[in-house]
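# A closer look at the structure
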Amino acid sequence: MKQLLKLTGCLAVAGLFASCQSAQQEADYQIIPMPQEIVTASGNPFILKSSVKILYPEGNENMQRNAKFLADYLKTATGKDFVIEAGTEGENAIVLALGTESENPESYQLKVTGDGITITAPTEAGVFYGIQSLRKSLPVAIGAEIALPAVEIKDAPRFAYRGAHFDTSRHFFTVDEVKTYIDMMALHNMNRFHWHITEDQGWRLEIKKYPKLTEIGSKRTETVIGRNSGEYDGKPYGGFYTQEEAKEIVAYAAERYITVIPEIDLPGHMQAALAAYPELGCTGGPYEVWRQWGVSEDVLCAGNDQVLKFLEDVYAELIEIFPSEYIHVGGDECPKVRWEKCPKCQARIKALGLKSDDKHSKEERLQSFVINHIEKFLNDHGRQIIGWDEILEGGLAPNATVMSWRGERGGIEAAKQKHDVIMTPNTYLYFDYYQTKDTENEPLGIGGYLPLERVYSYEPMPTSLTPEEQKYIKRELQASLYNGRGNTRNGILGVVLPQMYSTIYKGTESCVVCKGSHNIIDINDSTVIKEFGRNYYLNNHGKCAYSEEDRYCVLVKWEDFATAPNVYIEKAFNKRGQPIADDVIVYPK
């Protein structure tokens, strides 16, 4: 068994958690991600009573917002309201302060004494991460006092870029569901939200100059059942974000010190756009928003000047919504079969003097031309591009950052070419892969096999690079989740959380995962059971299943994530070793 976190305290029966029986509960500093340094101290614990105040530097709006976050978190844990005031010192208080000296701006120090708690950091972001550590150390203790043992915690992230990718194009997620994903990231000190918003299967962002992208491109007539079975569900599917909704998500993330990096994929993965504007394709259509999974051969026509103008217009609106320095341009999985036969594309190849050689085909060099064109446009507007490692093919754009997903090879090659790299290899960090070999009892995945142990084992810094070349890895790491093949919001929660725990370990520190057993309380009869099996997912059955021979379970719904951030998802087995089919949430002991 892997024990990935500890949640000391009780679960309340009312709502979903058992009410605490004792008058006082104790905090536990063994959290995820594990801080780099935890030094226990002698002395009395600090008692978290309702009379405790939260103090922040006067005139600092970000720190005031941090204080409000902390007050909300504490109310969730205790049921009590806590007063927020401007101030820099005081007894019986939690003091949020700026001022520690550190080379890492996201570092923090958390000190607990009998008189109070102090969280100090060089920046407001660092204070926020200290707040998350305090939050995760607390039990759910409604109606009880919490004792925090004296301690001094020092922590700093290993990687400056700690990203999580979320695909809302194949399957649409509401604004509130996207915010919940961001909340999950914030809880784990992650700071880059890579938002995948266009695909063959759906265009999800309003572009005012091209209204058909959402009027037509956001809707598919039906969706294939299973893994391209040839059978379809017959149900229209769609959804998109207005620009105002996208700005709302950007602001929500920024308040939690998370930068949103949007991805509009080009020149492939564009069939939804072609359905809306067929003149942008090589054949002229007709096209439909793709009803199946995989990679469409219909891509943007690289020989058409109208396509270049379309891309400039789209990205011009994009950068008005997203203030991030980096914009993701995709560049992956672009079949060249249409270009090979397209007169316009072949004319462009001839005009540019592109030739095939033993490294790249002339069509790959044509894709490089398109990527270079949009990079120059974005550079001229003060932005930088990120592209999947296919942008290496045909020649790398001058200032591009490479996101290495087909293993590490692309990232290693980019670093050797002195380009910045973000490591997100599918061989370790693609969470839409199966997490067990028992795939018949798992939600449908893209394939592959990535157990938790392999995710946790990943070391992002390739030893094959020289120390000078390793500098281009830029301390960057990202977990990726694609939502094809029927992932639901509950499924996303179940797939992401266990793997995110392992990934964030690599992004923040180097603690080992501990072994241990699990206890859980059934909400119906409070029967305590233990020693669950380990398969990581949460399906959409919406109920618990048990019998006299089955071990009991308790279900926490997606909506309850904010009140139980430390839950861990497992699948229970009965005494015969047979899996229970329904949803199980495990609270590690």
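Everything that follows concerns the structure shown earlier in this document.
Here the structure is a predicted model, which is why all the values come from computation and not from measurement.

## Description of the packing of aromatic side chains
With the rule as written, the count across this model stands at 17 aromatic pairs. Centroid distance Trp405 to Tyr430: 5.9 Å. Interplanar angle 25°. Geometry classified as stacked. Of this pair, Trp405 sits in the loop between strand S20 (401–404) and helix H11 (409–416) while Tyr430 sits in the loop between helix H12 (426–429) and strand S22 (433–434); the two residues are 25 residues apart in sequence, bridging distant segments of the chain. Assigned by exposure class, Trp405 and Tyr430 land together as buried. Geometrically, the ring pair formed by Tyr428 and Tyr458 is tilted, given 4.6 Å between the ring centres and 35° between the ring planes. Of this pair, Tyr428 sits in helix H12 while Tyr458 sits in the loop between helix H13 (452–457) and helix H14 (467–470), and the two are 30 residues apart along the sequence.

## Here we look at the environment of Pro45
Turning to its location among the elements, Pro45 is positioned in the loop between strand S2 (37–40) and strand S3 (46–48). Take Pro45: its relative accessible area is 35%, and that puts it in the partly exposed class. Residues Pro45 and Gly116, spaced 71 residues apart in sequence, show a C-alpha to C-alpha distance of 9.0 Å. The residues contacting Pro45, other than those within four sequence positions of it, are Thr113, Gly114, Ala147, Leu148, Pro149 and Ala150.

## Some points on the environment of Glu413
Along the polypeptide, Glu413 turns up in helix H11. Sequence separation between Glu413 and Val402 is 11 residues, and the spatial gap between their C-alpha atoms is 9.5 Å.

## Points about the nonpolar core
Formed by 122 residues in total, the largest nonpolar core has its most connected members in Leu148, Phe193, Trp203 and Tyr315. Not counting residues within four places of it along the chain, the set of residues in contact with Tyr315 comprises Ile264, Leu266, Ile327, His328, Val329, Ile374, Phe377 and Leu378. Listed in part, the eight residues of the second largest apolar core include Ile261, Ile386, Trp388 and Ile422.

## Observations regarding the pattern of salt bridges
A complete count under the given rule lists 26 salt bridges for this structure. As a salt-bridge pair, Glu469 and Lys416 come within 3.7 Å of each other at their nearest N and O atoms. Taken together, the residues span a long stretch of sequence, with Glu469 in helix H14 and Lys416 in helix H11 at a distance of 53 residues. Lys471 serves as the salt-bridge partner of Glu468, at 3.1 Å between the closest nitrogen and oxygen.

Cut-offs applied
Residues numbered from 1 in each chain as written. Predicted model: local features only at pLDDT ≥ 70, side-chain atom pairs only at ≥ 80, totals over all residues. Heavy atoms only, no water. Phe/Tyr/Trp six-rings, centres within 6.5 Å; stacked < 30°, edge-to-face > 60°. Helix = DSSP H or I, 4+ residues; strand = E, 2+ residues; numbered from the N terminus. Buried < 20%, exposed > 50% of the residue type's maximum accessible area, 1.4 Å probe, protein only. Contact = heavy atoms within 4.5 Å. Core = buried A, V, L, I, M, F, W, Y, C linked by side-chain atoms within 4.5 Å. Salt bridge = Lys/Arg side-chain N within 4 Å of Asp/Glu carboxyl O.

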